[in-house]
Amino acid sequence: MSCVSIACIAYENGRIFIAHRNPSGDMGGRWEFPGGKVEEGETDEQAIVREMSEEFGVTVTVCEKIAESEFTHNGKVSQLHAYRILLPYDGIEKEFVLTEHSGYDWVEPREIQELSFVDSDARIYPQVLAYIYSLKNGK
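Summarised in this report is the structure supplied together with it. These numbers come from a predicted model, not from an experiment.

### Here's the deal with the overall build of the protein chain
Per the secondary structure count, the protein chain includes two helices and seven strands. For a compact globule of 139 residues, the expected C-alpha radius of gyration is about 14 Å, and the protein chain comes in at 14 Å, within 12% of that figure. Within the protein chain, the proportion of its 139 residues that are buried is 44%. Across the protein chain, contacts joining residues at least 24 apart in sequence account for 67% of those joining residues at least 6 apart. For the protein chain, the exposed area adds up to about 7500 Å²; of that, 47% sits on carbon and sulfur atoms.

### Observations concerning the side chain of Glu-51
Looking at where Glu-51 falls in the secondary structure, it is placed in helix α1 (residues 44–56). When its relative accessible area of 7% is taken as the criterion, Glu-51 is described as buried. Leave out the neighbours within four places in its chain, and Glu-51 touches Ile-6, Gly-35, Gly-36, Lys-37 and Phe-56.

### Focus: helix α2 (residues 119–136)
A rise of 1.5 Å per residue sets the reference length of α2, with its 18 residues, at 26 Å; its end C-alpha atoms lie 26 Å apart and thus fit the reference within 8%. The sharpest bend along α2 reaches about 40° and sits at Tyr-125, with the proline Pro-126 one to four residues further on. Buried within α2 are the following residues: Ser-120, Asp-121, Ile-124, Tyr-125, Val-128, Leu-129, Tyr-131 and Ile-132. Check the buried side of α2 and you find it contacts β1 (3–12), β2 (15–21), β3 (31–32), β5 (61–73) and β6 (76–86). Positive backbone phi, approximately 70°, marks Gly-138, located one or two places after α2.

### So, the nonpolar core
Counting residues in hydrophobic clusters, the biggest one holds 21 residues, and the most contacted among them are Ile-16, Ile-18, Phe-33, Ile-112, Ile-124 and Val-128. Mapped onto this core, the elements with two or more residues apiece are β1, β2, β5, β6 and α2. It is α2 that provides the largest number of residues to this core, a total of six residues. If sequence neighbours within four positions are ignored, Phe-33 has contacts with Ala-7, Cys-8, Ile-9, Ile-16, Phe-17, Ile-18, Ile-112, Phe-117, Asp-121, Ile-124 and Val-128. Grouped together as the second largest cluster of nonpolar side chains are 18 residues, Ala-19, Val-58, Tyr-83 and Trp-106 included.

The rules behind these values
- Residues numbered from 1 in each chain as written.
- Predicted model: local features only at pLDDT ≥ 70, side-chain atom pairs only at ≥ 80, totals over all residues.
- Heavy atoms only, no water.
- Helix = DSSP H or I, 4+ residues; strand = E, 2+ residues; numbered from the N terminus.
- Rg over C-alpha atoms; globule rule 2.2 N^0.38 Å.
- Buried < 20%, exposed > 50% of the residue type's maximum accessible area, 1.4 Å probe, protein only.
- Contact = heavy atoms within 4.5 Å.
- Areas by Shrake-Rupley, 256 points an atom, 1.4 Å probe, with all protein chains shown as cover.
- Expected span 1.5 Å × (residues − 1).
- Bend = angle between axes of the 7 residues up to and from the residue.
- Core = buried A, V, L, I, M, F, W, Y, C linked by side-chain atoms within 4.5 Å.

Honestly, that's just the spatial picture; any functional story needs more than this.
Here it is in structure tokens:
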């Protein structure tokens, strides 16, 4: 059975929320869509709520699945499911509490391709862009 990871896509006011990983560990120091592994017995939605609470100190609203991909990490095949989420606030005036990241930002979708993004999230980037453009065009 393959491992399942989730990616959280917060999109507000024309910008996507991204997080900068702590410098240590796999993919350290790179940007990502926040998320993590789905633990045994959890649904994707439960994992999203848990991960965002653990990593940013917030309770999010989970919306629709917007992308999925398969990737191999350390020789193990994994599934990546991306969901749109709603954050309770933007983390600017009242900052998020970070446990796994050194920072975060709201960027325009096209800026992501210029950043050092983790490999698995880079694979879903085209699907995320397509979703955002469908929102802009009212489809």
